[in-house]
Amino acid sequence: MEEQRTDLSLFAERIEQLRGQISTVIVGQQENIDLLLTAVLANGHVLLEGVPGVAKTLLARLLARLIDAKFSRVQFTPDLMPSDVLGTNVFNMKTSDFDFHAGPVFADIVLVDEINRAPAKTQAALFEVMEERQVTIDGKTHAMGQFYTILATQNPVEQEGTYKLPEAQTDRFMMKITMGYPSIDEEVAILERHHANQRLTALDDIQPVITKEQFIALRRMLDKVFVESALLRYIAGIVMQTRQSKAVFLGASPRASVALLQASKAYALLQGRDFVTPDDIRFVCPSVLQHRLILTAEAEMEGITPLKAVKRLVEKVEVPK
């Protein structure tokens, strides 16, 4: 394994630039930043969950700013209609024909803020575009670009006026990243920045460090990442545990297995390696699996969360030597 089969020097340089720029704006959250970069690199959509004020929206907007790609933001509300998201055909009096007016979902990086605020009909409008990277309106299909990524945020605490995401939709997110409160030292650092009038660097002042095309080229390197057959069996074993556990009512699907593989390869690249280790799989596993599981009523009454359940299940699977 000593010999690197893929030239990772340019890759490492770009990723370090991304990490460095993010840290000038976001204090702490290093693990979540790595997970976000991993998911986007693996060509997956991301669900960012956390209480208000922990920089979910800021992190999503910042990433879009650092990648020179078309960015769009849509705030989900209870009265939002599918046409408000996807777009609609409008009659043109001059040409006596219908013109298509694209909605905010037409961009490279789409930030869907508070995705659980909109009713099921509007949430369902994202199904096709998340899975097939295309939108069908009035029988006509509109394809999205290669880079197309959805970053969605939701507040897990406030339930009034929210609509729970259906399992079919959460399964389309490669990762659910849970953003918690900062540590005491990180909180002090945030206060020091504000006290010194260094209000978190204005996003307009942030310059992109990588183009959309360059990022897509980095994605292609995933195909060159080596994965031993024992590790493929390890991934399958973890996913199989979610289907056999007594605490889990509905386990993870084969889509979860593929997501776990792709995320592990992307994280290995982020670490400067062109081969996957068991630790890569264990690191991304909770974020890839936690939102895909439905626990039994008994497990929930015992206070077990999907995140805890995943961590317990991973421990049951023997790590390949």
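Source: prediction; values computed, not measured. Residue numbers run consecutively from 1 along every chain, following the written order of its sequence. Residue-level local features of this predicted model are given only where pLDDT is at least 70; pairs of side-chain atoms are given and counted only at 80 or more, and the full residue set underlies all totals for whole chains, interfaces and linings. With hydrogens and water stripped out, all remaining heavy atoms of the structure feed into the side-chain values.

(A) Up close: the overall build of the chain. Looking only at helices and strands, the chain has 14 helices and 13 strands in total. Here the chain holds 321 residues, and 49% of them are scored as buried. A contact between two residues is defined here by any heavy atoms of the two lying within 4.5 Å. Here the analysis covers contacts within the chain between residues at least 6 apart in sequence; of these, 79% occur between residues at least 24 apart. The Shrake-Rupley method, run with a 1.4 Å probe sphere, supplies the accessible areas, and residue values consider only the shown protein chains as cover. Element-wise, carbon and sulfur atoms account for 52% of the exposed surface of the chain, whose accessible area totals about 16000 Å². Across the chain, the centroid of the 35 positively charged side chains sits 3 Å from that of the 41 negatively charged ones. Secondary structure elements are taken from DSSP: a helix is a run of H or I of four residues or more, a strand is a run of E of two residues or more, and numbering for both begins at the N terminus. For the exposure calls, accessible area comes from a 1.4 Å probe over protein chains only, and a residue counts as buried if that area is under 20% of its type's maximum, exposed if over 50%, partly exposed in between. Only four residue types enter the tally: Lys and Arg on the positive side, Asp and Glu on the negative side; His and the chain ends are excluded. Charged groups are reduced to one reference atom each: NZ for lysine, CZ for arginine, CG for aspartic acid, CD for glutamic acid.

(B) Highlighting the pairing of strand E6 (residues 109-113). By the criterion of burial, E6 is predominantly enclosed, with five of the five residues buried. Of the two faces of E6, both are covered, the one formed by Ile 109, Leu 111 and Asp 113 as well as the one formed by Val 110 and Val 112. Note: strand E3 (residues 71-75) against E6, five bridges, orientation parallel. For Arg 73, the partnering residue across the bridge sits in E6 and is Leu 111. Two strands pair under a simple rule: DSSP has to find at least two bridges between them.

(C) Looking closely at the nonpolar core. Side-chain atoms within 4.5 Å link the members of a nonpolar core, which is a set of buried Ala, Val, Leu, Ile, Met, Phe, Trp, Tyr and Cys residues. Counting 74 residues, the largest nonpolar core has Leu 18 and Met 175 as its most contacted members. Here this core gets nine residues from one element, more than from any other, and that element is helix H11 (residues 254-270). Once residues within four sequence positions are removed from consideration, Leu 18 is found in contact with Leu 37, Leu 66, Ile 67, Val 209, Ile 210 and Phe 215. Of all hydrophobic cores here, the second largest spans 25 residues; its members include Phe 76, Leu 86, Phe 106 and Val 110.

(D) Representation of the packing of aromatic side chains. Pairs were defined over the aromatic rings of Phe, Tyr and Trp, the Trp ring being its six-membered one, requiring ring centres within 6.5 Å. Orientation was assigned from the angle between planes: stacked under 30 degrees, edge-to-face over 60, tilted for the rest. Scanning the entire structure with this criterion turns up two aromatic pairs. Arranged with centres 5.5 Å apart and planes meeting at 80 degrees, the rings of Phe 147 and Phe 215 form a pair that is edge-to-face. Within this pair, whereas Phe 147 is found in the loop between strand E8 (140-143) and strand E9 (149-154), its partner Phe 215 is found in helix H9 (residues 212-220), the two being separated by 68 residues in sequence. Overall, Phe 147 belongs to the buried group, its relative accessible area being 1%.

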